[in-house]
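Examination of the molecular architecture
Letter by letter, the chains look like this.
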Amino acid sequence: MSSLADIVTVVLVAAGALLFLAGALGLLRFPDTLSRLHAISKADNLGLGLIVIGLLPQAASIADGLKLLCIWLLAQLSAATASQLLARAVHRGRAGR
Amino acid sequence: MMLLFDLALVASLLALAVHVVVEPDERSGIIAFLAFGLLLGLVWARLAAPDVALTEIAIGGGGTGVLLLRAEAAIRGRGKHEEPMTRTSKLAAAMGCAAISVGLGFAVLSFASPAPTLAPTAVEALPATGLGNPVTAVLLAYRALDTLLEKIVVLLALIGVWSLAPDALWGGAPEVRPSAVPDPLAYLARVLPPFGVVIGVYMFWVGADAPGGTFQAGTVLAAMWLLVMMGGLRPPPETAALPLRLALAGGPVLFLAIAFLGFAFADGFLAYPKALAKPLIVAIEAALTVSVAAALAMLVAGPARKAPS
Amino acid sequence: MMMAALQPGALFGLCGAALVGIGLFAVVASPGLLRRIVGCNILGAGIFLVFGAVARRGAGAGFAADPVPQALVITGIVVAFSASALAVALLKRLAEPAEEAAPAEPRGGS
């Protein structure tokens, strides 16, 4: 039973890490701010989500699992706000030019 | 495997630090410093110091980062620059700094073995304080004097910042809100603080037995207050306002009062009566958390910008 | 010496030593004053890391690190933040144009 949980954790966390790698690659390689934002927000939302789901089987108690989920939701909220703010700044800069 | 991770961590830290020094664009350097603070938090986790990791990420990276970014935006293009150094003097400075690093490195490698440690002593006295987290016990019981003086240093820094306001504005409110508040920021300022306050209180409460404590909790609360002020939901308080001054002074005053009561009811200054140690420490921590939150938020907000009403 | 480098925390202690040098160079050699404040923070971070290496070596009594240096570092981080805040406020005041720094309006009623 525990080995099954371990396999789930390894697979999901590895997938999450791969998404983060892809996001970082996009951040470095994409040509403009908006597409870079697109790349990194995918990694943020999905990658962190996969890592959190992967860690859930390892949580010692339900409270620990809920804390992990809270971390994911809070990171989502702040990431969404930050990308909105950045995108708006880009938009304003284009309109002003 | 872990060694590989540690080496990657150290390499990124050093690369970011060098980037801060050589990057011509000041803002890019500050953003690198933000990333530096986060990675440093990971290093503290690797050093088995979760309390320090929380403090570093909250205050060292986050708080200082906000401070520096705001400063960069405020003085962009108007900052004072000195004459760049000549090549030779730059080289001499680099050699001197490298010598200091090498010397310190040798010191790190030649630490006494076996390492001296106070951990057993700290744990031995732990039951008397009623606490479970030895770091909190050091901060608020064994070395409480350090923490008291540190709080006073924070207040002195705040007095220093406030005294930079022009005479006519003394006692007025600082300016935190940007000229136009973007909608997403206002939304975040409405949604996040309820969670943030719960998390802050939780960090304060578990600090007695688990990683966390006054400074980390105070920083989270300060961040929430700053967010509300930046989102334009509440104006910053006037620096002369009585509630603000009471919140700022409350922590150190309670701390000092309990410290002096130690003469009457325990062994001396800053000693707690055995039976009451835990409740007294929690009371001091609660008052200190409010003071730390108010002081850190006001330090970021800066001196008064509006005339007092 | 090689053995010493493999002790827990020694790697981060060495990293701290290097950061002290980098931070100090930023303080001494950079022309911009804001970057000097950042340099000061890097210097401080390096010194804290050396403390962290000391704490990690002092593992004992069931704890992975000595709590006393850890508490000192927490105190240090807060003090460093206060110092940075004061330095930043001074810097902003320096950058203000003279007329803005001393507005002529009379003080309003208390």
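Residues numbered from 1 in each chain as written. Chains lettered and ligands numbered in written order. Predicted model: local features only at pLDDT ≥ 70, side-chain atom pairs only at ≥ 80, totals over all residues.

**A look at the overall build of chain B**
Helix and strand content of chain B: 12 helices and 0 strands. Reading chain B from its N end, one meets helices and strands in the order α-α-α-α-α-α-α-α-α-α-α-α. Seen along its three principal axes, the alpha-carbon backbone of chain B occupies a region of about 65 × 60 × 35 Å. By the burial criterion, 44% of the 309 residues in chain B qualify as buried. (Helix = DSSP H or I, 4+ residues; strand = E, 2+ residues; numbered from the N terminus. Buried ≥ 20, exposed ≤ 12 C-beta atoms within 10 Å, placed from the backbone.)

**Description of the overall build of chain A**
A count of helices and strands for chain A gives 3 helices and 0 strands. C-alpha extents for chain A along the principal axes are approximately 60 × 25 × 10 Å. In chain A, which comprises 97 residues, the share counted as buried stands at 11%. A separation of at least 24 residues holds for 61% of the contacts in chain A among residues at least 6 apart in sequence. (Contact = placed C-beta atoms within 7 Å.)

**Overview of the interface of chain C and chain B**
Chain C puts 81 residues into the contact, and the matching count from chain B is 84 residues. Residue assignment for the side of chain C that touches chain B shows that the elements contributing at least two residues are helix 1 (2-5), helix 2 (10-29), helix 3 (33-57) and helix 4 (67-95) of chain C. The biggest single contributor to the side of chain C that touches chain B is helix 4 of chain C, with 24 residues. A per-class count over the side of chain C that touches chain B returns 57 nonpolar, 16 polar and 8 charged. (Nonpolar A, V, L, I, M, F, W, Y, C, P; charged D, E, K, R; others polar.)

**Considerations on the nonpolar core**
With 130 residues, the main nonpolar core has Leu226 and Ala297 of chain B as its most contacted residues. For this core, the element with the most residues is helix 12 (residues 277-301) of chain B, which contributes 16 residues. Each residue touching Ala297 of chain B, except ones within four places of it in the same chain, is listed here: Ala222, Trp225 and Leu226 of chain B. Ranked by size, the runner-up nonpolar core spans 6 residues in total, among them Leu19, Ala43, Leu50 and Ile51 of chain A. (Core = buried A, V, L, I, M, F, W, Y, C linked by C-beta atoms within 7 Å.)

**Comments concerning the domain arrangement of chain B**
Taken as a whole, chain B is organised into domain 1 (1-75), domain 2 (84-116) and domain 3 (130-309). Each of domain 2 of chain B and domain 3 of chain B has a C-alpha centre, and the two are 37 Å apart. (Domains from an automatic or database assignment.)

**Focus: unusual backbone geometry**
Not every positive phi belongs to a glycine, and Ala48 of chain B is a case in point at roughly 60°. Among the residues examined, Ala48 of chain B registers 19 C-beta atoms within 10 Å and is labelled partly exposed.

**Description of the environment of Ala259 of chain B**
All names here are of chain B. On the secondary structure map, Ala259 appears in helix 11 (residues 242-265). In sequence terms Ala259 and Ala271 are 12 residues apart; their C-alpha atoms lie 6.6 Å from each other. In this structure, Ala259 is in contact with Leu148, Phe269 and Leu270, ignoring residues within four places of it in sequence.

**A few points about the interface of chain B and chain A**
The interface of chain B with chain A comprises 7 residues on the first partner and 6 residues on the second. The residue inventory of the side of chain B that touches chain A, partitioned by class, reads 7 nonpolar, no polar and no charged.

**What about the packing of helix 3 (residues 50-75) of chain B against helix 10 (residues 214-230) of chain B?**
Residues and elements named next belong to chain B. Running from N to C, helix 3 and helix 10 cross one another at 40°; their axes reach a closest spacing of 8 Å. With respect to each other, helix 3 and helix 10 are oriented oblique. The handedness of the crossing between helix 3 and helix 10 is left-handed. On helix 10, the residues touching Leu54, Thr55, Ala58, Ile59, Gly62 and Gly63 of helix 3 are Phe215, Gln216, Thr219, Val220 and Ala223. Counted by class, the contact of helix 3 with helix 10 contains 6 nonpolar, 5 polar and no charged residues. (Axes fitted to C-alpha atoms, helices over the stretch in contact; angles between N-to-C directions. Parallel < 35°, antiparallel > 145°, perpendicular 65-115°, else oblique. Left-handed = near helix turned anticlockwise from the far one by under 90°.)

**A few points about helix 10 of chain B**
Residue and element names in this part refer to chain B. Helix length check: helix 10, at 17 residues, gives a terminal C-alpha distance of 24 Å against a target of 24 Å (1.5 Å per residue), a fit within 8%. By the criterion of burial, helix 10 is predominantly enclosed, with 17 of the 17 residues buried. Note on helix 10: the residue one or two positions beyond its end, Gly232, has a positive phi of about 75°. (Expected span 1.5 Å × (residues − 1).)

**Describing the packing of helix 2 of chain C against helix 3 of chain C**
All names here are of chain C. One way to put it is that helix 2 packs onto helix 3 with a least axis distance of 7 Å and a crossing angle of 160°. The orientation of helix 2 relative to helix 3 falls into the category roughly antiparallel. In terms of crossing hand, the pair formed by helix 2 and helix 3 is left-handed.

**Focus on the confidence of the model for chain A**
Averaged over every residue, the pLDDT of chain A is 85; residues scoring 70 or more account for 95%. Of all the helices and strands in chain A, helix 3 (residues 62-96) of chain A carries the lowest mean pLDDT, 85, while helix 1 (residues 2-29) of chain A carries the highest, 88. (pLDDT = per-residue confidence, 0-100.)

**What to know about the environment of Arg190 of chain B**
Residue and element names in this part refer to chain B. Within the secondary structure layout, Arg190 lies in helix 9 (residues 183-206). Classification of Arg190 as partly exposed rests on a count of 13 C-beta atoms within 10 Å. Separated by 38 residues in the primary sequence, Arg190 and Val228 place their C-alpha atoms 7.4 Å from one another.

**Observations concerning the arrangement of the chains**
Here the protein chains form 2 pairs of chains in contact, of which the pair with the most contacts is chains B and C. Across all C-alpha pairs, the smallest distance from chain A to chain C is 21 Å, and the two are not in contact.

**With respect to the confidence of the model for chain B**
All names here are of chain B. Here chain B averages 85 in pLDDT, and 98% of its residues register 70 or above. Looking across chain B, the model is least confident in helix 6 (residues 126-129), with a mean pLDDT of 73, and most confident in helix 2 (residues 26-46), with 91. Confidence estimates for the predicted assembly give a pTM of 0.88 and an ipTM of 0.89.

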